[in-house]
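# Structure assessment
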Amino acid sequence: LAKTTQPISMDSYEGQEVNITCSHNNIATNDYITWYQQFPSQGPRFIIQGYKTKVTNEVASLFIPADRKSSTLSLPRVSLSDTAVYYCLVEPDSWGKLQFGAGTQVVVTP
Amino acid sequence: DVKVTQSSRYLVKRTGEKVFLECVQDMDHENMFWYRQDPGLGLRLIYFSYDVKMKEKGDIPEGYSVSREKKERFSLILESASTNQTSMYLCASNPGGTVYGYTFGSGTRLTVV
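Below, the structure is looked at part by part. (Residues numbered from 1 in each chain as written. Chains lettered and ligands numbered in written order. Predicted model: local features only at pLDDT ≥ 70, side-chain atom pairs only at ≥ 80, totals over all residues. Heavy atoms only, no water.)

## Observations regarding the overall build of chain A
Note the cut-off: Comment: elements are numbered from the N terminus, with helices defined as DSSP H or I runs of at least four residues and strands as E runs of at least two. Throughout, the radius of gyration refers to the C-alpha atoms, and the reference size of a globule is 2.2 Å times the residue count to the power 0.38. Note on classification: 1.4 Å probe, protein chains only; a residue is buried when its accessible area is under 20% of the maximum for its type, exposed when over 50%, partly exposed between these limits.
The helix and strand inventory of chain A stands at zero helices and nine strands. Going from N to C terminus, chain A has its helices and strands arranged as β-β-β-β-β-β-β-β-β. Over its C-alpha atoms chain A spans a radius of gyration of 13 Å, differing by no more than 12% from the 13 Å that the globule rule assigns to 110 residues. Taken over the C-alpha atoms alone, chain A extends approximately 40 × 30 × 25 Å along its principal axes. The buried share of chain A, taken over its 110 residues, is 45%.

Printed below as a string of structure tokens:
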């Protein structure tokens, strides 16, 4: 399983864009990059997944450069309710246990 | 939306009790997982199951067992609860590949006194 490195915490104000970069230097050819969001006292929630280039959904965008050794989760115009821990995972396209790291605590203030 | 339902949000049990944590998913997923989450330690896999009556140990199976008699239900059993099993327990399910994402339940916060 590829190891990931992401910042421990990030602070932002409401309405700003938040970008969280995750490093995964040992990513394998069949690995996908997935981000989960976790609120206090809740289970993690799948928010976005990608393999290469850019993926966008109603919640976030995911940017993956050509070498795939890093990825950036972009949260546009954050609100207070986006305060959560965000986890970057790199997993092969097969089932199995998920390797969660420490995640990035994002705190949004007014 | 797939739902993973954990039977209890909060539980308080005494040391030595046998504890059952229940998890039910409603989308016919093949794979189900039990994790525990502790501050500073992140999520750690206890057991997982890829089919009815099948189970595999995760990273920290000691003191736990599981049961999967029906596809939709995956139970975690603490044979003799101890205080170091006080934790948040999370159940997850997946239909059979990373690309589909994993769906987690809301968690059960277990306190063993």
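We are not done yet, so read on.
## Side note on the layout of surface pockets
Spelled out, the test is: The method works on a 1 Å grid over the protein atoms by themselves. A cavity is a set of points holding a 1.4 Å probe that cannot get out, a pocket is an open set with protein on both sides within 12 Å along at least five of seven lines, and residues with an atom within 4 Å of a point line them. Grid points are joined across faces, edges and corners, and a volume is the space filled by probe spheres set on the points. Nonpolar residues are Ala, Val, Leu, Ile, Met, Phe, Trp, Tyr, Cys and Pro. Charged residues are Asp, Glu, Lys and Arg, and all others, Gly as well, are polar.
Space inside the second largest pocket adds up to approximately 290 Å³. Around the second largest pocket, the lining comprises 18 residues; the ones closest to its centre are A:Gln38, A:Tyr87, B:Gln37, B:Asp38 and B:Pro39. Those elements that provide at least two residues to the lining of the second largest pocket are strand E8 (84–92) of chain A together with strand E4 (31–38) and strand E9 (87–94) of chain B. When grouped by side-chain class, the residues that make up the lining of the second largest pocket number eight nonpolar, eight polar and two charged.

## Observations concerning the state of the cysteines
What counts, and what does not: Disulfides are defined as pairs of cysteine sulfur atoms found within 2.5 Å of each other.
Within the structure shown, the criterion is met by two disulfides over all chains. At a sulfur-sulfur separation of 2.2 Å, the disulfide partner of A:Cys22 is A:Cys88. Taking the sign of the S-S torsion, -80 degrees for the link of A:Cys22 and A:Cys88, the bridge is left-handed. Taken together, the residues span a long stretch of sequence, with A:Cys22 in strand E2 (residues 18–23) and A:Cys88 in strand E8 at a distance of 66 residues. Of the two residues examined, A:Cys22 and A:Cys88, each falls in the buried class. Paired through a disulfide, B:Cys23 and B:Cys91 show a sulfur-sulfur distance of 1.9 Å.

## Regarding the interface of chain A and chain B
Using the following cut-off: Two residues qualify as a contact provided that any one of their heavy atoms is within 4.5 Å of a heavy atom in the partner residue. Accessible area that two parts lose when put together, with a 1.4 Å probe and added across both, is what the buried area reports. Here a polar contact is recorded for every N or O atom pair within 3.5 Å, except that within protein the pair must consist of a potential hydrogen donor and a potential acceptor, and residues adjacent in sequence are included only if both atoms are side-chain atoms.
Counting residues at the interface gives 20 residues for chain A and 23 residues for chain B. Summed over both partners, the interface of chain A with chain B buries about 1,800 Å², with 55% contributed by carbon and sulfur atoms. Where chain A packs against chain B, one counts five residue pairs in polar contact (both at pLDDT 80 or more). If you list the elements that add at least two residues to the side of chain A that touches chain B, you get strand E3 (31–38), strand E4 (45–50) and E8 of chain A. For the side of chain A that touches chain B, a count of residues per class yields nine nonpolar, eight polar and three charged.

## Things to note about the sheet that holds E3(A)
All names here are of chain A. Cut-off, in case you're wondering: Two strands pair if DSSP finds at least two bridges between them. Interaxial angle, 0 to 180 degrees, is taken between N-to-C directions of lines fitted to C-alpha atoms, where a helix line uses only the stretch in contact.
Taken together, five strands build an open sheet; the order of strands is E1-E9-E8-E3-E4 and the sheet is mixed. Strands with a single pairing partner mark the edges of an open sheet, and in this sheet they are strand E1 (9–13) and E4. Between one strand axis and the next, the sheet turns through 25 degrees on average, direction left out of account. Bridging between E3 and E4 involves five bridges; their strand directions are antiparallel. Note on E4: the bridge partner recorded for Tyr 36 is Phe 46.

## Details of the side chain of A:Thr34
Considering the arrangement of structural elements, one finds A:Thr34 in strand E3. A polar contact of 2.8 Å, which involves the side chain of A:Thr34, links it to the side chain of A:Gln49.

## Comments concerning the pairing of strand E5 (residues 42–49) of chain B
Residues and elements named next belong to chain B. Across the eight residues that make up E5, a large majority, seven, are buried. With seven bridges joining them, E4 and E5 adopt antiparallel strand pairing. Bridging across to E5, Met 32 finds its partner in Ser 49. The hairpin turn running from E4 into E5, its antiparallel successor, is three residues long, and Gly 40 in that turn takes a positive phi close to 80 degrees. Here two bridges tie E5 to strand E6 (residues 56–57), and the two strands are oriented antiparallel to one another.

Geometry only, nothing functional implied.
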